[in-house]
Protein chains: 2
Amino acid sequence: MPFLSGSPPARPERPLFAVVLGNTLLSTVPGVSGAGPSPEKTVLTPVLDSELISRGAIRSRRMKPNTPTGCPTPAVITRAMMALLGMEPLFVNAGLTTEPVIPCLDVYGEPGRDPREGDAVPRARALYAKGEMAGRLLSLWADFLVLGECVPGGTTTALCVLRGLGIPANVSSSFVDNPVALKESICARVLERIRAEGATDPLDIIRIGGDPMLAVAAGIASSFRGETILAGGTQMLAVAAVLRGLGEQVPPVATTVYVRDDPSAGFATTAETIGARAWYVDPGFGDLGHSGLARYCIGEVKEGIGAGGAMFLARVMGKSGEEIREAVLSTVSSY
Amino acid sequence: MPFLSGSPPARPERPLFAVVLGNTLLSTVPGVSGAGPSPEKTVLTPVLDSELISRGAIRSRRMKPNTPTGCPTPAVITRAMMALLGMEPLFVNAGLTTEPVIPCLDVYGEPGRDPREGDAVPRARALYAKGEMAGRLLSLWADFLVLGECVPGGTTTALCVLRGLGIPANVSSSFVDNPVALKESICARVLERIRAEGATDPLDIIRIGGDPMLAVAAGIASSFRGETILAGGTQMLAVAAVLRGLGEQVPPVATTVYVRDDPSAGFATTAETIGARAWYVDPGFGDLGHSGLARYCIGEVKEGIGAGGAMFLARVMGKSGEEIREAVLSTVSSY
């Protein structure tokens, strides 16, 4: 298996790795999200993951942002890549329930609400505009942007937005067994609300059933003047679909083969429908001799907080597949 | 009069203009600050000024961040320079009473409290560490940092910190008549508290009597790997003094001749005591035919939100004094 599907883009002069952090209260609904040790604690994962990536350890709480089965957070992969490249990630706070412990570019949004009960992101349009401002700012510093996300429960809001935009998509999950029935029932309620309003504008659809990350990431990608790569799974396809719906250029997406190979998601088909070029990273976690990483191959976690895009960026910056695998293994083993 | 005292540094490849925003509740004490139409409204000035600079207009409130006499905010000067250079400023939120309306790099601090009543910045040491993280981040994007500030009431906290560090300094004011007696009485109370504790560490002195900007700006300057220029008046001398007290390199300071020529402040002498090289910008506002700008020459406003440093940066980037003066005049005239 090649490490990267297709040949990487030319090595950029000034790359930037940024991650948009957000919450949706849907992650606290039992069964929706595996991104944390318990449903209530999933909301903390963006803050803990960003701390882990920036500081190398979580010191703010006695907690690990691992899955209920103890599978390591993808943040350790992102951390390993930043260290390998000598880079620091920029975190963007799109709307969190908890205050971050490291500096973030903050657009002063709010966590997404439960879209079954009312508008999920009342200020979606304003958040998109803030994202545009952020994208213009990043354009001064970088010519190549790898844009990841961390939103526990975000595949469910992504499902609502993709379907709301008329795309017959399914989405992936950090659980081995994708809780498809639960997601579908939430999505059905949201699609009812979208139909009742007759909403077709992508930002109205985010307002009704999305999360703050979707608005902010789309805004950043629309205004960034260099090359943008959306780093993530089906959540980033929702961002790409929003951009397409707004008549903007659709950026390529980079993710792991574990997302691609999730039969419940149909990632490649959806990417094709949207017109998003996709790169897949195959880090071969099954033969590294680490039981937690091996669980990625049986479909746990799969991706998150830009991990696939971070490995993609390392490849773009000239690191070999072996160097990348070794860096991940030694970092994960140190936790 | 030359536009700039001394020859400018070599033109950098990747300049960044950043402004640290903060509040101290001292600005609401009547008579302390002229940075706003009334004492209560001074706390809004950082948010309004940053909106004016980034968007070109204040749309979030029906308010102008001008002085009680209607003298234009220095934000229009900073705005003019950013437009002339095709740059966007980065705002850093060190601790504000109000949520910013534009994206900021946020270190999640709090507004400074009244230092007569207790610790002004309880988490000063943590804020300095957050500043260090921010400075490392900026190092990835820039090789030359012009770092301004906006803290209404901040000359009073600067006075407390400078004197607390044993520097026999006075400070400037945005008022024509510097409220020296009021500042001295506040400072006397703070110095009592510093002496009672026997505090000598600069971060303890900020904790007791400073404001959040002082901690964050010092942290940024200490860790930024390129060249740093502190853009501002006596408040930036306090930052320089903190850095000296911490055993860090003391960066140069750039400000206007209106600050230098304030006889109540003694800027040049204090800069020399601290060992900070100073650049002075003389934009000749007296002969531009604009009554508001001319008031800068009689000692109103004088400086603020990096205005002096922004004109300095324009000169460093190769603009002539005439181009800079014309850009300021046409921008100010449009408000």
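Heads up: these notes are all about the structure in this document.

1. Points about the relation of the copies chain A and chain B
The two copies are related by a screw motion: chain A maps onto chain B through a turn of 180° and a shift of 0.0 Å along the axis, at an RMSD of 0.0 Å. The transformation just described matches what one would write down for a two-fold rotation axis. Scanning chain A for the C-alpha nearest the rotation axis identifies Leu-105 of chain A, at a separation of 2.0 Å. Comparing interface residues between copies, 100% of those in chain A also sit at the interface in chain B, which points to an isologous, same-surface contact.

2. Observations concerning the pattern of salt bridges
All names here are of chain A. Following the criterion strictly, the structure yields 34 salt bridges over all chains and no others. Salt-bridge contacts for Glu-110 lead to Arg-123; the nearest nitrogen and oxygen are separated by 3.8 Å. Note that Glu-110 is positioned in the loop between β3 (104-106) and α3 (124-139) and Arg-123 in the loop between β3 and α3, a separation of 13 residues in sequence. Residue Glu-110 is classed as partly exposed on the basis of its relative accessible area of 36%. Its salt-bridge partner being Arg-125, residue Asp-204 comes within 3.2 Å of it at the nearest N-O pair. Of this pair, Asp-204 sits in helix α6 (residues 202-209) while Arg-125 sits in helix α3, placing them 79 residues apart in sequence.

3. Section: the side chain of Thr-255 of chain B
Residues and elements named next belong to chain B. Position of Thr-255 among the secondary structure elements: in strand β6 (residues 253-256). A distance of 2.8 Å separates the side chain of Thr-255 from the side chain of Glu-303, its partner in a polar contact. Excluding its chain neighbours within four sequence positions, the residues that come into contact with Thr-255 are Gly-232, Gly-233, Phe-267, Trp-279, Tyr-280, Val-281, Glu-303 and Gly-308.

4. Brief notes about the environment of Thr-67 of chain A
Residues and elements named next belong to chain A. Tracing the sequence through the fold places Thr-67 in the loop between α1 (45-55) and α2 (75-85). For Thr-67, a relative accessible area of 10% gives the class buried. Along the primary structure Thr-67 and Met-213 are separated by 146 residues, whereas in three dimensions their C-alpha atoms are 21 Å apart. Setting aside its immediate chain neighbours within four residues, Thr-67 contacts Gly-34, Gly-36, Glu-300 and Val-301.

5. Points about unusual backbone geometry
Residues and elements named next belong to chain A. Here the phi dihedral of Val-301 falls at roughly 65°; this positive angle occurs in a residue that is not glycine. Assignment of secondary structure puts Val-301 in the loop between α11 (291-297) and α12 (307-316). Despite not being glycine, Ile-305 shows a phi value in the positive range, around 40°. With respect to the helices and strands, Ile-305 occurs in the loop between α11 and α12. The exposure class of Ile-305 is buried, given its relative accessible area of 2%.

6. Regarding the packing of helix α2 (residues 75-85) of chain B against helix α12 (residues 307-316) of chain B
All names here are of chain B. At a minimum axis separation of 8 Å, α2 and α12 run at an interaxial angle of 20°. On the basis of the axis angle, α2 is roughly parallel to α12. Considering how the two elements wind past one another, α2 and α12 form a crossing that is left-handed. Across the interface between the two elements, Ile-77, Thr-78, Met-81, Met-82, Leu-84 and Leu-85 of α2 pack against Ala-307, Ala-310, Met-311, Leu-313 and Ala-314 of α12. Looking at the contact of α2 with α12, its residues break down into 10 nonpolar, one polar and no charged.

7. Describing helix α6 (residues 202-209) of chain B
Residues and elements named next belong to chain B. Of all the eight residues making up α6, seven are buried; the element is thus mostly covered by neighbouring parts of the structure. Taken together, the buried positions of α6 are Pro-202, Leu-203, Ile-205, Ile-206, Arg-207, Ile-208 and Gly-209. With a side-chain oxygen positioned 2.7 Å from the backbone nitrogen of Leu-203, the residue opening α6 is Asp-201.

8. Looking at the packing of aromatic side chains
Within the structure shown, the criterion is met by 11 aromatic pairs over all chains. Judged by centre distance (5.4 Å) and plane angle (90°), the ring pair of Phe-285 of chain A and Tyr-296 of chain A falls under edge-to-face. On the criterion of sequence distance, the pair formed by Phe-285 of chain A in the loop between β7 (278-281) and α11 and Tyr-296 of chain A in helix α11 is long-range, its members being 11 residues apart. Judged on exposure class, the residue Phe-285 of chain A and its partner Tyr-296 of chain A are both buried. With a centroid separation of 5.0 Å and an interplanar angle of 40°, the aromatic rings of Trp-279 of chain B and Phe-312 of chain B are classed as tilted. Taken together, the positions of Trp-279 of chain B in strand β7 (residues 278-281) and Phe-312 of chain B in helix α12 put the pair 33 residues apart, joining distant regions of the chain. Across this residue pair, the class does not change: Trp-279 of chain B and Phe-312 of chain B are buried. Linked through ring pairs, Tyr-258, Phe-285 and Tyr-296 of chain A together constitute an aromatic cluster. For the cation-ring pair, Arg-260 of chain A lies above Tyr-280 of chain A, with the distance from its terminal atom to the ring centre recorded as 5.2 Å.

Analysis parameters
- Residues numbered from 1 in each chain as written.
- Chains lettered and ligands numbered in written order.
- Predicted model: local features only at pLDDT ≥ 70, side-chain atom pairs only at ≥ 80, totals over all residues.
- Heavy atoms only, no water.
- Least-squares fit on C-alpha atoms with pLDDT ≥ 70 in both.
- Contact = heavy atoms within 4.5 Å.
- Salt bridge = Lys/Arg side-chain N within 4 Å of Asp/Glu carboxyl O.
- Helix = DSSP H or I, 4+ residues; strand = E, 2+ residues; numbered from the N terminus.
- Buried < 20%, exposed > 50% of the residue type's maximum accessible area, 1.4 Å probe, protein only.
- Polar contact = N/O pair within 3.5 Å; in protein donor to acceptor, adjacent residues only side chain to side chain.
- Axes fitted to C-alpha atoms, helices over the stretch in contact; angles between N-to-C directions.
- Parallel < 35°, antiparallel > 145°, perpendicular 65-115°, else oblique.
- Left-handed = near helix turned anticlockwise from the far one by under 90°.
- Nonpolar A, V, L, I, M, F, W, Y, C, P; charged D, E, K, R; others polar.
- Phe/Tyr/Trp six-rings, centres within 6.5 Å; stacked < 30°, edge-to-face > 60°.
- Lys NZ or Arg CZ within 6 Å of the ring centre and 35° of its normal.

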